[in-house]
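Architecture and fold: a report
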Amino acid sequence: MEAAAAFASKPSPPLHVAIIMDGNGRWAKARGLRRIVGHQQGAEAVRRTVKHCRELGVSYLTIYAFSSENWKRPPTEVDDLMGLMRLYLRRELDELVDAGVRMRFIGDRHRLPDDIIALVNQAEQRTRTSSGLTLTVALNYGGRREIVEAAQHLARDAAAGLLDPGDIDEKTFADRLATNGLPEPDLLIRTSGEQRISNFLLWQLAYTELVFIPAMWPDFTKQHLEDAINEFHRRERRYGASSG
Ligand code: IPE
Ligand code: IPE
Ligand code: MG
């Protein structure tokens, strides 16, 4: 009876958690290691976090893996990051398929190395009928670019006479974003203590609860995730209405 009551009083987890995985470089630097080691440990943290989200009943996890601005990094680091993405997709895909994870990628994939484009397409194909956690990976993603592309699509349709510009509303606009069909994030977590959005999901985060935590991404644990979710539950989401 008590267990049932405790279960009943436990708030349901946020439907959609988004994460800006930051601090791999500083994690490595603090240990006198090369940045790539931080990124490798960051990939391990991704693997753990996917599992923890499934255990906690989160339905959608969206992670920022590589921003459209990350090309500004030295070519060797960009190569290392692409190499890790390649490794992750090759090594983890079978397990993700078995776990019922549905994978989706947002961002401009055309600029990625050909074999990574193939792996990304394959991951989406192989998991398209999965009904467990939806894992969305933002890869070569920029929120402003995504919004500009949606505007281009709408403008093209209007010019072709398929759409009356007066009919464009938030729903038609959101339908043209790369995240079409995904619910908006309920909770955004950024690690490493930085408190900014860095061009992530600009449209979609309009009413998301933001939680910034000091831990570096390679150190991110299930406890950090649970703490962030508890913090989320303490917040009152008002969406512009009066407090209740
Ligand atoms: C996050 O860690 C990984 C990516 C942005 C790809 P960083 O590499 O940004 O780590 P810091 O911010 O330099 O510590
Ligand atoms: C944001 O982190 C991008 C990713 C986590 C992939 P950055 O480390 O690139 O962001 P800034 O440069 O600190 O804003
Ligand atoms: Mg960073």
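Below, the structure is looked at part by part. (Residues numbered from 1 in each chain as written. Chains lettered and ligands numbered in written order. Predicted model: local features only at pLDDT ≥ 70, side-chain atom pairs only at ≥ 80, totals over all residues. Heavy atoms only, no water.)

**A closer look at the overall build of the protein**
Looking only at helices and strands, one finds eight helices and six strands in the protein. Helices and strands in the protein line up, N terminus first, as α-β-α-α-β-α-β-α-β-α-α-β-β-α. Relative to the 2.2 N^0.38 estimate, which gives 18 Å for 244 residues, the radius of gyration of the protein is 19 Å and therefore close to what a compact globule would have. By principal-axis analysis of the C-alpha atoms, the protein measures approximately 55 × 55 × 35 Å. Put simply, the protein has 244 residues, and 43% of those count as buried. (Helix = DSSP H or I, 4+ residues; strand = E, 2+ residues; numbered from the N terminus. Rg over C-alpha atoms; globule rule 2.2 N^0.38 Å. Buried < 20%, exposed > 50% of the residue type's maximum accessible area, 1.4 Å probe, protein only.)

**A word on the site of ligand 2**
The environment of ligand 2 is formed by Ile20, Met21, Asp22, Tyr64, Ala65, Phe66, Ser67, Asn70, Arg73, Arg190, Arg196 and Ser198. The contact in question runs from an oxygen atom of ligand 2 to an N or O atom on the side chain of arginine 190, over 3.3 Å. Contact distances for ligand 2 include 2.8 Å between an oxygen atom and a side-chain N or O atom of arginine 196. Protein burial of ligand 2: of its 390 Å² of free accessible surface, 78% is covered by the chains. Element by element, the count of residues in the shell around ligand 2 is highest for strand E2 (residues 60–67), at four residues. Here the shell around ligand 2 is composed, by residue class, of five nonpolar, three polar and four charged. (Near = heavy atom within 4 Å. Polar contact = N/O pair within 3.5 Å; in protein donor to acceptor, adjacent residues only side chain to side chain. Areas by Shrake-Rupley, 256 points an atom, 1.4 Å probe, with all protein chains shown as cover. Nonpolar A, V, L, I, M, F, W, Y, C, P; charged D, E, K, R; others polar.)

**What about the pairing of E2?**
Most of E2 is tucked away: six of the eight residues are buried. Relative to E2, strand E1 (residues 16–20) runs parallel, the two sharing five bridges. Of the residues in E2, the one forming a bridge with histidine 16 is tyrosine 60. (Pairing = 2+ DSSP bridges.)

**Notes on helix H3 (residues 35–56)**
Turn by turn, an α-helix covers 3.6 residues, leaving residues three or four places apart pointing in a common direction. Taking 1.5 Å per residue as the helical rise, H3 with its 22 residues ought to reach 32 Å, and the 31 Å between its terminal C-alpha atoms agrees with that figure. Phi turns positive one or two residues past the end of H3, at glycine 57, with a value near 85 degrees. (Expected span 1.5 Å × (residues − 1).)

**Topic: the site of ligand 1**
Residues in contact with ligand 1 amount to 13 residues; listed here are only the nearest, Asp22, Gly25, Arg26, Arg35 and Arg73. Within the backbone of glycine 23, an N or O atom sits 3.4 Å from an oxygen atom of ligand 1. Here an oxygen atom of ligand 1 sits 2.7 Å away from a polar atom, N or O, in the main chain of arginine 26. The fraction of the free accessible surface of ligand 1 (370 Å²) that becomes covered by protein chains is 87%. At three residues, the largest contribution of residues to the shell around ligand 1 is made by helix H2 (residues 24–30). A per-class count over the shell around ligand 1 returns three nonpolar, five polar and five charged.

**What about the nonpolar core?**
By size, the foremost hydrophobic cluster in this structure holds 44 residues, and its most contacted members are Ile19, Val50, Leu61, Met103, Leu135 and Ile189. Ranked by the residues each element gives to this core, the list is headed by helix H4 (residues 75–98), at eight residues. The contact partners of leucine 135, leaving out residues within four places of it in the chain, are Val50, Leu61, Ile63, Tyr88, Val101, Arg102, Met103 and Arg104. Of all hydrophobic cores here, the second largest spans ten residues; its members include Ala18, Ile106, Phe200 and Leu205. (Core = buried A, V, L, I, M, F, W, Y, C linked by side-chain atoms within 4.5 Å. Contact = heavy atoms within 4.5 Å.)

**Section: the side chain of asparagine 70**
In this structure, asparagine 70 sits in the loop between E2 and H4. A polar atom in the side chain of asparagine 70 sits 2.7 Å from the backbone nitrogen of serine 67.

**So, the sheet that holds strand E3 (residues 102–106)**
Spatial strand order, E3-E4-E2-E1-E5-E6: six strands in an open sheet with parallel pairing. Looking along the sheet, the strands with just one partner apiece sit at the ends: E3 and strand E6 (209–212). Put simply, the sheet's adjacent strands are angled 20 degrees from each other on average, direction ignored. Bridge analysis of E3 against strand E4 (residues 134–141) gives five bridges, and the strand direction is parallel. Across the sheet, residue methionine 103 finds its bridge partner in E4, namely leucine 135. Helix-sheet contacts for helix H5 (residues 114–126) involve E3 and E4, and the interaxial angle to E3 is about 140 degrees. (Axes fitted to C-alpha atoms, helices over the stretch in contact; angles between N-to-C directions.)

These figures come from the coordinates and say nothing about function on their own.
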